[in-house]
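Reading the structure
In case you want the letters, here they are:
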Protein chains: 2
Amino acid sequence: MITYSFASIGSDSLYEHLYKCIKNDILQGNLAAGEKLPSKRNFAKNLGISTITVENAYAQLMAEGYIYSIPKKGYFISDIRTLAPKKHPSDTGRETIQKPSEPECFADFTSNQTSSEYFPFSIWSRLIREMLNERQQNLMTNPPCGGIYELREAIARHLQDFHGLHISPDQIIIGAGTEYLYGILIQLLGFDKRYAVEDPGYHKISKIYKSHNVSCDYIPMDEGGIRIAELEEKSIDIIHISPSHQFPTGITMPIGRRYELLGWASKADSRYIIEDDYDSEFRLTGQPIPTLQSIDIMEKVIYINTFTKTLASTVRISYMVLPKHLVKAYYAKLQFYSCTVSNFEQYTLAAFINKGHFEKHINRLRNYYHYKRDALVHCIRNSPLASHVSISGEDAGLHFLMRVDTELSDSQFCQKALEQGVRISALSQYFMTPPPSAAHVFIINYSSLEEELMEKAVAVLYQIASENVHGLW
Amino acid sequence: MITYSFASIGSDSLYEHLYKCIKNDILQGNLAAGEKLPSKRNFAKNLGISTITVENAYAQLMAEGYIYSIPKKGYFISDIRTLAPKKHPSDTGRETIQKPSEPECFADFTSNQTSSEYFPFSIWSRLIREMLNERQQNLMTNPPCGGIYELREAIARHLQDFHGLHISPDQIIIGAGTEYLYGILIQLLGFDKRYAVEDPGYHKISKIYKSHNVSCDYIPMDEGGIRIAELEEKSIDIIHISPSHQFPTGITMPIGRRYELLGWASKADSRYIIEDDYDSEFRLTGQPIPTLQSIDIMEKVIYINTFTKTLASTVRISYMVLPKHLVKAYYAKLQFYSCTVSNFEQYTLAAFINKGHFEKHINRLRNYYHYKRDALVHCIRNSPLASHVSISGEDAGLHFLMRVDTELSDSQFCQKALEQGVRISALSQYFMTPPPSAAHVFIINYSSLEEELMEKAVAVLYQIASENVHGLW
């Protein structure tokens with residue numbers, strides 16, 4: 001049986017490490033197409049790890065097309081050569097890099113992609129045209145590294161009107177996506193600092209920190225958000241959180257914990273809080289709790305937000321709001337960088353906000369998502385699936401949690417759904433070490449789901465949940 | 001007299017460190033507006049450094065408006081409060097971050113800014129409109145992290161037709177500017193590697209490496225480019241060069257040195273060459289020497305190029321061509337990143353290249369710059385300045401060197417020019433430790449100079465060169 005060492009695991013989680021080892025062997029040809037992988041139970045025993053870890057690694061490999069499963073037979077290596085991209089006319093017979101393609105899905109509860117029907121194409125088009133006609137000189141003038149002032153002013157006004165933040169446009173730094181801004185923050189705050197993220201959370205965020213070769217810890221959460229005692233224990237300098245609507249738990253950090261967190265930050269110069277407010281525009285009900293930024297008088301909070309959620313995931317414009325002393329540090333240290341967003345899009349977005357289109361667009365989107373969420377919840381409640389599930393966290397943001405009463409493991413459930421064209425992810429996948437209570441909870445991100453496919457998707461989930469499976473795998 | 005420690009200098013050059021210390025004192029208010037700075041000679045003696053170092057630091061501070069000079073009196077601290085940005089209507093009386101503004105210039109020989117009259121606005125506008133009408137679904141679909149395939153194919157064809165490079169579109173990674181791509185390369189190649197850049201060279205490149213907390217050495221050059229023996233001595237892993245038209249020297253690395261460099265790289269797995277071909281489209285005369293990438297059979301060369309020079313400095317689209325094994329490593333390690341360029345601009349640029357507009361645009365620009373260079377050289381040769389200067393490196397790229405027969409130090413010369421509205425930089429500024437031979441050589445970047453102002457700019461330079469100055473400063 002194949003075996004792998006967990007000695008050089010670094011900061012990966014166990015399942016990520018196993019996933020990478022197997023993927024590597026497939027890419028290198030050490031595991032040949034059609035070869036059978038060990039059963040999850042045996043493999044786990046052999047490696048001295050838990051079955052759920054092997055399950056998660058297999059699920060990831062399967063989602064990416066590296067392996068496939070045959071019910072009651074097991075897992076097999078895909079022929080990755082057949083998954084190479086289509087030959088294009090320009091490709092003059094040279095070898096192309098082979099990447100496995102993802103299976104086709106009719107419903108994707110994991111996607112953040114905006115549907116094209118909701119992008120304001122005609123307004124955007126008109127604004128670009130005006131820009132190209134009237135502001136040629138502006139368009140060709142290099143902006144400050146923080147971004148075009150007009151856009152920063154527009155964002156400052158939006159933050160004031162929408163979130164009640166009182167900030168100066170000078171505090172805003174524009175960048176091509178939040179991922180890019182995290183990298184800038186590491187350069188600003190220091191590679192020697194100890195960074196930390198929420199557990200569970202988006203794996204991508206910790207990957208970005210690790211990819212920059214900085215220390216990145218995971219801080220467990222309770223029902224009020226991250227546990228502050230752990231920050232002290234682990235000597236964390238910088239904590240990256242989403243207090244308004246945590247992903248994937250949906251937790252909103254209560255005001256008490258917010259003050260405690262600010263208290264923690266105020267105890268050392270090196271401490272900062274990165275407040276990642278990624279989907280704050282979509283709180284669907286209730287009064288929002290004030291951002292950490294707005295109650296921070298010690299200049300300890302860096303607020304980050306993005307237009308990739310509100311406008312389109314393919315328009316790469318995000319921003320951060322730095323405390324004033326960090327603005328100075330930013331210009332002293334990093335002023336040599338050029339702004340990563342093109343002038344054309346910065347000016348267009350500024351006009352879009354200034355002429356009131358952004359506000360209307362958000363309201364329209366919020367209504368649309370509200371409607372979509374209601375339709376999906378209604379669809380679930382009116383299907384036989386209702387007796388197998390309970391729903392929580394449906395009041396905020398663009399996803400909710402669904403606990404399913406099933407004997408299937410999380411990866412079995414996700415895999416069976418995938419085979420029937422429904423991509424779904426389990427809460428346990430977002431933990432470093434999933435607690436038993438996280439099992440059988442799935443994340444329903446409904447932003448990209450088409451309404452006419454809801455019933456079909458719910459039927460698939462019902463069929464899987466209602467199957468009586470007795471550990472056949 | 002004020003004094004500074006050079007103990008904590010880190011990897012800054014002496015003049016950068018001094019510049020930062022003084023700037024910091026000005027921003028903190030330790031040096032008050034109107035206060036006189038020590039004379040360069042006394043200050044240098046006191047700090048135990050050379051006068052040229054103090055000169056360079058003062059020149060930088062002056063260029064940024066932190067200090068000013070009164071002829072025969074000396075240097076004084078500016079009132080930085082008067083340099084704060086204009087109050088904007090949105091700015092509700094809150095304190096703004098104060099940054100000194102740059103002096104106004106009618107001629108800027110240091111700028112890379114494209115003039116707006118040469119951007120193909122009407123074609124670009126039409127292509128965007130078509131895109132927004134016809135390809136809404138594409139525009140809203142998340143691209144692979146390497147960029148939109150259509151654009152990568154277009155770039156591959158352009159590289160084939162224009163530079164004779166035979167590469168697959170899969171090897172191309174699109175990013176929002178070369179600066180962003182350098183950061184990605186560090187994450188790909190490793191933070192533990194020893195990086196190096198050319199000396200003299202663009203300071204920005206070494207700043208980016210240092211800002212990422214990696215080791216970055218300076219490799220001196222001879223007339224054939226970087227000295228390979230120094231790469232061995234300093235145990236360099238990754239060397240970042242511009243062999244086709246080095247900035248600022250204008251050196252084109254001869255073919256023999258290119259092979260030697262590839263030989264150096266092939267001797268260890270960790271060694272790579274980053275070939276930064278930043279202005280290759282603008283070689284004005286002669287047959288280009290093949291790129292390192294095109295003669296590399298060991299997969300040791302990473303080729304980087306950008307559209308910020310050919311299209312507009314405010315359109316942030318650059319790309320790199322990775323050797324095939326690094327493509328695999330890139331997707332294995334960094335696939336979680338979203339592409340930093342928006343779909344709108346990627347599709348527009350792809351159409352711009354595919355419909356033949358890019359080729360026409362480059363030809364048009366090349367003719368324009370050719371004409372501009374000829375006009376400027378003609379203007380110099382027909383002015384009394386001709387008897388004070390000699391010109392070199394005018395055959396390639398967008399700048400040439402001008403040696404001036406003057407008793408003024410480089411920083412005096414630049415400062416006097418600046419006072420009369422001409423921004424110019426000296427070759428010596430681009431060295432870590434300028435050799436005596438670099439003195440009195442200035443860099444003439446003519447890309448943004450307006451033709452009708454050439455005579456005026458040349459007259460200013462003549463006036464300064466012809467003044468009989470006997471070390472009055």
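Coordinates for the structure precede this section.
Residues numbered from 1 in each chain as written. Chains lettered and ligands numbered in written order. Predicted model: local features only at pLDDT ≥ 70, side-chain atom pairs only at ≥ 80, totals over all residues. Heavy atoms only, no water.

A word on the overall build of chain A
- When you go through chain A residue by residue, the secondary structure sums to 15 helices and 16 strands.
- The dimensions of chain A, computed from C-alpha atoms along their principal axes, are 65 × 55 × 50 Å.
- Contacts in chain A between residues far apart in sequence, at least 24 positions, make up 71% of those at least 6 positions apart.
- As displayed, chain A offers around 18,400 Å² of accessible surface, 49% of which is attributable to carbon and sulfur atoms.
- Looking at chain A, you have 47 positive and 53 negative side-chain charges, and the mean spots of the two groups are 3 Å apart. (Helix = DSSP H or I, 4+ residues; strand = E, 2+ residues; numbered from the N terminus. Contact = heavy atoms within 4.5 Å. Areas by Shrake-Rupley, 256 points an atom, 1.4 Å probe, with all protein chains shown as cover. Lys, Arg positive; Asp, Glu negative; His and termini not counted. Charge placed at Lys NZ, Arg CZ, Asp CG, Glu CD.)

Digging into the sheet that holds strand 15 (residues 425-426) of chain B
All names here are of chain B.
- The strand order 12-13-16-15 describes an open sheet built from four strands, whose pairing is antiparallel. Of all strands in the sheet, those bounded by a partner on one side alone are strand 12 (389-392) and strand 15.
- Both strand 15 and strand 16 (residues 441-445) contribute to a ladder of two bridges, which runs antiparallel. Residue pairing across strands places A426 opposite F442, the latter belonging to strand 16.
- Sheet strands in contact with helix 13 (residues 357-381) are strand 12, strand 13 (399-404) and strand 16, and its direction is about 10° off that of strand 13. (Pairing = 2+ DSSP bridges. Axes fitted to C-alpha atoms, helices over the stretch in contact; angles between N-to-C directions.)

Comments concerning the interface of chain B and chain A
- Contacts between chain B and chain A engage 68 residues on the former and 68 residues on the latter.
- In this assembly, chain B packs against chain A so that about 6,400 Å² is buried in total across both faces, 58% of it on carbon and sulfur atoms.
- Counting every contact that joins chain B to chain A gives zero salt bridges.
- Counting across the interface, chain B meets chain A through 20 residue pairs in polar contact (both at pLDDT 80 or more).
- Counting only elements with at least two residues in the side of chain B that touches chain A, the list comes to helix 4 (121-134), helix 5 (136-139), helix 6 (149-163), helix 7 (178-189), helix 8 (203-211), helix 11 (324-334) and helix 12 (343-354) of chain B.
- Looking at the side of chain B that touches chain A, its residues break down into 28 nonpolar, 26 polar and 14 charged. (Buried area = accessible area lost by both parts, 1.4 Å probe. Salt bridge = Lys/Arg side-chain N within 4 Å of Asp/Glu carboxyl O. Polar contact = N/O pair within 3.5 Å; in protein donor to acceptor, adjacent residues only side chain to side chain. Nonpolar A, V, L, I, M, F, W, Y, C, P; charged D, E, K, R; others polar.)

Topic: the pattern of salt bridges
Residue and element names in this part refer to chain A.
- Tallied over the entire structure, the rule returns 30 salt bridges over all chains.
- Across the salt bridge formed by E179 and K204, the nearest N and O atoms sit 2.6 Å from each other. Placement of E179 in helix 7 (residues 178-189) and of K204 in helix 8 (residues 203-211) is noted, with a sequence separation of 25 residues between them.
- Of the residues examined, E179 reaches a relative accessible area of 8% and is grouped as buried.
- Among the charged side chains, a network of salt bridges with common partners joins R126, E130 and K355. (Buried < 20%, exposed > 50% of the residue type's maximum accessible area, 1.4 Å probe, protein only.)

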